[in-house]
Amino acid sequence: MSTPAPSAFLELRDLRIHFPTEDGLVKSVDGLSFKLERGKTLGIVGESGSGKSVTSLGILGLHKGGRAKISGEIWLDGEELVGASQDHVRTLRGKKMAMIFQDPLSSMHPFYTVGQQIIEAYRIHHDVSKAVARKHAIDMLGRVGIPQPDKRVDSYPHEFSGGMRQRAMIAMALSCDPELLIADEPTTALDVTVQAQILDLMLDLQREFNSALIVITHDLGVVAELSDDILVMYGGKCIEYGTAEDIFYRPEHPYTWGLLGSMPRLDREPTDRLMPIKGTPPSLINVPSGCAFNPRCPYAGRTAGKATTEVPQLLETEGGHLVRCHLPREERRGIWENEIKPMLEGQ
Amino acid sequence: MVAFIVRRVIAAVLMLVIVSVATFAIFFLIPRALGQTPEGMASRYVGRDATPEAIQGAVKRLHLDDPLIVQYGRFAKGIVAGQDYSLGPRKAECPAPCFGFSFNNNQPVWPTLLDRLPATMSLALGAAVVWLVAGVSIGVISALKRGTAVDRAAMTVALAGVSLPIYFTGLVSLSVFAYTLGIFPGGGSYTGLTEDPVMWFQALVLPWVTLAFLYAALYARLTRAGMLETMGEDYIRTARAKGLKERTVVTKHALRATLTPILTIFGLDLGLLLGGAVLTESTFSIPGIGKLVIDAIRGNDLPVVLGVTLFAAFFIVLANLIVDILYAVVDPRVRLS
Ligand SMILES: Nc1ncnc2c1ncn2[C@@H]1O[C@H](COP(=O)(O)OP(=O)(O)OP(=O)(O)O)[C@@H](O)[C@H]1O
Ligand code: SF4
Ligand SMILES: [Mg+2]
């Protein structure tokens, strides 16, 4: 049924995750494909509700079991996971692939100490005594920069500050040296200085373990320094994909321009954003016909009506840089060079 | 932790004082406020047909003409230190805790309560074991098999369980299993555990099941709802993301969080029942505290009603205390506040 195993470490092929609900079918992820090698970092960017978390949960096989409909292929190190048995995927979780969750307070069990939770994670995949696992947990806490780890190992999550909890969450995810690490909004809840520390920490750890890293965020600023490649999601689909240079210096999709324009900057008030994207994210049940972005797109009128009638394809524009937009390539580049870029730089 | 426990114990003692004041007020202050005279109160001790002299004597002996504060002080002192009554020609000693004497048979209230306690305890504790095990297991299974036939069947039975009153289920079970099939003895056959353990057990099976059916239904619904909520929590997803087996996720992570609030409710329910399972005891004629208080209310036996009320309040406050302390042991977040 499936095509031969790919050579990439992680490859998604046309992944779809749909949730049947009373209101209709929610197409949270709708035809997503990408590749990621060991030692590389992919940033996934998009507004709230664009399907980032569902994608990462889908890779781990945690997308709410029976009710969700999943199709497509997920290849991890030569193994296909969508068709694999639940129990097999379970044995890969934690060790082969691990996840740092969006909200560390609600993502850690309130009744167990941080140490107990790391020890548990370690002992699932390592047949060692509690004492050995405890040493390892203290070790991990020290490595993610928690002071006095031999004391804090016995603290409960609610006794940690937000930044400490995020570090503890990272320590837990990294306790089994996962080969694929997915970080879902690892810094959203933190203030800017702590944000930078956590991002540095993740990069260091990634280099040390040579793992593949996916960083999910709605903030392009976060992925700017971290990522080799960036995937921009909109309404469950990839609308632009390229290297970090492609996305920051040669973006071709109107939505990416909007994200760049609404990027918070240290030298500006958060409310004073240059070019916020107007309107609200699309419904994932009644997706706008044609290009899902058309109700909010300032350039929809320039596509001779195709924007509302025909779904644009994700096409290569140059050297692996993919864009999903009806505007002709030359026109997109023209708009970027002559309208958007001067505006972003002029500020 | 020690400071926490000390604080809770002090709060519990204060609570008991407040309850005793409130109870005293209900039984003595409100009748007076409604126009009852000390003589009217006294007539209930010596009988309605007594001569005015006898009634006056009773007022004096019982100090019913004292200010209410003084009366409360004497009442409280009796509970703590005991007191002596002079009932007509004879003097009656009433050692602590003294709740006075029954109007109807002149027996001291406290020993009567103690005498009735084993039956109530047998009933309540036995039923508690049954309903806790049955209710929680059914709730967990229902939640895990949400939407299936098993879930629907269990929840239909549970709905029946919470809707049907005990005297109905009790009488039906008596008429079927005792009077028609003859498997279990009928009402009024309670025997003390030390007297005849086999009979004790046989006589309690139907009351246990009847009482437990109601509570098990309640607990199944609570557990199911709690379990469904917990299974959707982020930390359950984290537990799965670690690669834990689903069985461990359910038992170690989900159940632990679900059972904590249920533990609270369980403690309170049990405390409430230890103060008398009124409906079950009357339906099956079990000579427990619930039966005692029903009979006392029918017979206008004020000291007994007062004694049972305080006794029941004591159990509830005690259960509250134990639950609070247990909760702090189980949920580390509680210790902070
Ligand atoms: N179990 C589910 N059932 C139905 N719909 C779901 C379910 N899980 C997610 N969705 C929907 O899928 C969409 C994508 O959700 P997702 O959590 O992936 O967004 P996100 O990009 O991570 O957003 P955020 O930045 O807010 O975290 C949302 O509209 C959400 O309502
Ligand atoms: S296809 Fe049209 S509506 Fe969609 S992004 Fe491109 S220009 Fe805008
Ligand atoms: Mg998310």
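Criteria and thresholds
- Residues numbered from 1 in each chain as written.
- Chains lettered and ligands numbered in written order.
- Predicted model: local features only at pLDDT ≥ 70, side-chain atom pairs only at ≥ 80, totals over all residues.
- Heavy atoms only, no water.
- UniProt positions renumbered as here; feature names shortened; annotations may be inferred.
- Helix = DSSP H or I, 4+ residues; strand = E, 2+ residues; numbered from the N terminus.
- Buried < 20%, exposed > 50% of the residue type's maximum accessible area, 1.4 Å probe, protein only.
- Contact = heavy atoms within 4.5 Å.
- Areas by Shrake-Rupley, 256 points an atom, 1.4 Å probe, with all protein chains shown as cover.
- Near = heavy atom within 4 Å.
- Polar contact = N/O pair within 3.5 Å; in protein donor to acceptor, adjacent residues only side chain to side chain.
- Nonpolar A, V, L, I, M, F, W, Y, C, P; charged D, E, K, R; others polar.
- Core = buried A, V, L, I, M, F, W, Y, C linked by side-chain atoms within 4.5 Å.
- Domains from an automatic or database assignment.
- Phe/Tyr/Trp six-rings, centres within 6.5 Å; stacked < 30°, edge-to-face > 60°.
- Lys NZ or Arg CZ within 6 Å of the ring centre and 35° of its normal.
- Buried area = accessible area lost by both parts, 1.4 Å probe.
- Salt bridge = Lys/Arg side-chain N within 4 Å of Asp/Glu carboxyl O.
- Pairing = 2+ DSSP bridges.

- Chain A is annotated in an unreviewed UniProt entry as Peptide/nickel transport system ATP-binding protein from Planomonospora venezuelensis.
- The record held by UniProt for chain A lists under Subcellular location (unreviewed entry) the comment "Cell membrane".
- Note on chain A: under the UniProt heading Sequence similarities (unreviewed entry), the record states "Belongs to the ABC transporter superfamily."

## As for the overall build of chain B
Step number 1: On a plain count of helices and strands, chain B comes out with 13 helices and two strands.
Step number 2: With the C-alpha coordinates of chain B rotated into their principal frame, the extents come out at 85 × 55 × 40 Å.
Step number 3: Residues counted as buried form 45% of the 337 residues belonging to chain B.
Step number 4: For chain B, long-range pairs separated by at least 24 residues make up 62% of all intrachain contacts whose partners lie at least 6 apart in sequence.
Step number 5: Carbon and sulfur atoms make up 68% of the accessible area of chain B, which totals about 16,600 Å².

## Here we look at the site of ligand 1
All names here are of chain A.
Step number 1: Around ligand 1 sit 16 residues, and of these S28, S48, G49, S53 and Q102 come closest.
Step number 2: In this structure, S48 approaches ligand 1 through a side-chain N or O atom, which is 2.5 Å from an oxygen atom.
Step number 3: S53 places a polar side-chain atom, nitrogen or oxygen, 2.7 Å from an oxygen atom of ligand 1.
Step number 4: If ligand 1 stood free it would expose 640 Å²; the protein chains cover 69% of that surface.
Step number 5: Elements with a contribution of two residues or more to the shell around ligand 1: strand 1 (10–21), strand 2 (24–36) and helix 1 (52–60).
Step number 6: Ranked by residues supplied to the shell around ligand 1, first place goes to helix 1 with three residues.
Step number 7: Of the residues belonging to the shell around ligand 1, the class tally is four nonpolar, eight polar and four charged.

## A closer look at the nonpolar core
Step number 1: Counting residues in hydrophobic clusters, the biggest one holds 106 residues, and the most contacted among them are L10, F34, L180, I214 and L220 of chain A.
Step number 2: Two domains each provide a minimum of three residues to this core, namely domain 1 (10–233) and domain 2 (253–344) of chain A.
Step number 3: Aside from chain neighbours lying at most four places away, what touches I214 of chain A is L10, F34, L36, L42, I44, I59, L180, L181, I182 and A183 of chain A.
Step number 4: By size, the runner-up hydrophobic cluster in this structure holds 63 residues, among which are Y190, A216, A277 and F311 of chain B.

## Overview of the packing of aromatic side chains
Step number 1: A full pass over the atoms with the stated rule returns 18 aromatic pairs over all chains.
Step number 2: Through a chain of ring-to-ring contacts, the aromatic side chains of F99, W110, F311, F314 and F315 of chain B assemble into a single cluster.
Step number 3: A cation over an aromatic ring shows up here: K252 of chain B above the ring of Y112 of chain A, its NZ or CZ 5.7 Å from the ring centre.
Step number 4: Over the ring of Y112 of chain A we find R256 of chain B, and its NZ or CZ is 5.1 Å from the ring centre.

## Section: the domain arrangement of chain A
Accessible area lost upon the coming together of the parts is a frequently used measure of interface size.
Residue and element names in this part refer to chain A.
Step number 1: In terms of domain boundaries, chain A breaks down into domain 1 (10–233) and domain 2 (253–344).
Step number 2: Between the C-alpha centres of domain 1 and domain 2 the distance comes to 29 Å.
Step number 3: Contacts between the two partners involve 18 residues from domain 1 and, on the opposite side, 11 residues from domain 2.
Step number 4: Note on domain 1 versus domain 2: buried area summed over both sides is about 1,200 Å², and carbon and sulfur give 66% of it.
Step number 5: Area buried by domain 1 at its contact with domain 2 is led by E47, L220 and V232, which between them contribute 41% of it.
Step number 6: Applying the counting rule to domain 1 against domain 2 returns one salt bridge.

## Observations concerning the interface of chain B and chain A
Step number 1: If you look at the interface, chain B gives 21 residues, while chain A gives 23 residues.
Step number 2: Interface area, chain B with chain A, both sides summed: about 2,300 Å², of which 61% is carbon and sulfur.
Step number 3: Linking chain B with chain A are two salt bridges.
Step number 4: Connecting chain B to chain A are 13 residue pairs in polar contact (both at pLDDT 80 or more).
Step number 5: The element that contributes the greatest number of residues to the side of chain B that touches chain A is helix 9 (residues 234–241) of chain B, accounting for six residues.
Step number 6: The class makeup of the residues in the side of chain B that touches chain A is seven nonpolar, four polar and 10 charged.

## Observations regarding the pairing of strand 12 (residues 321–324) of chain A
Regular strands place side chains that alternate from one sheet face to the opposite one.
Residue and element names in this part refer to chain A.
Step number 1: Pairing between strand 10 (residues 237–243) and strand 12: two bridges, direction antiparallel. Bridge pairing in strand 12 places E240 opposite V323.
Step number 2: Pairing analysis gives four bridges linking strand 11 (residues 314–318) to strand 12, with the strands arranged antiparallel. Opposite L315, over in strand 12, you have V323 as the bridge partner.
Step number 3: Following strand 11, the chain reverses through two residues before pairing antiparallel with strand 12; G319 in that reversal takes a positive phi of roughly 45°.

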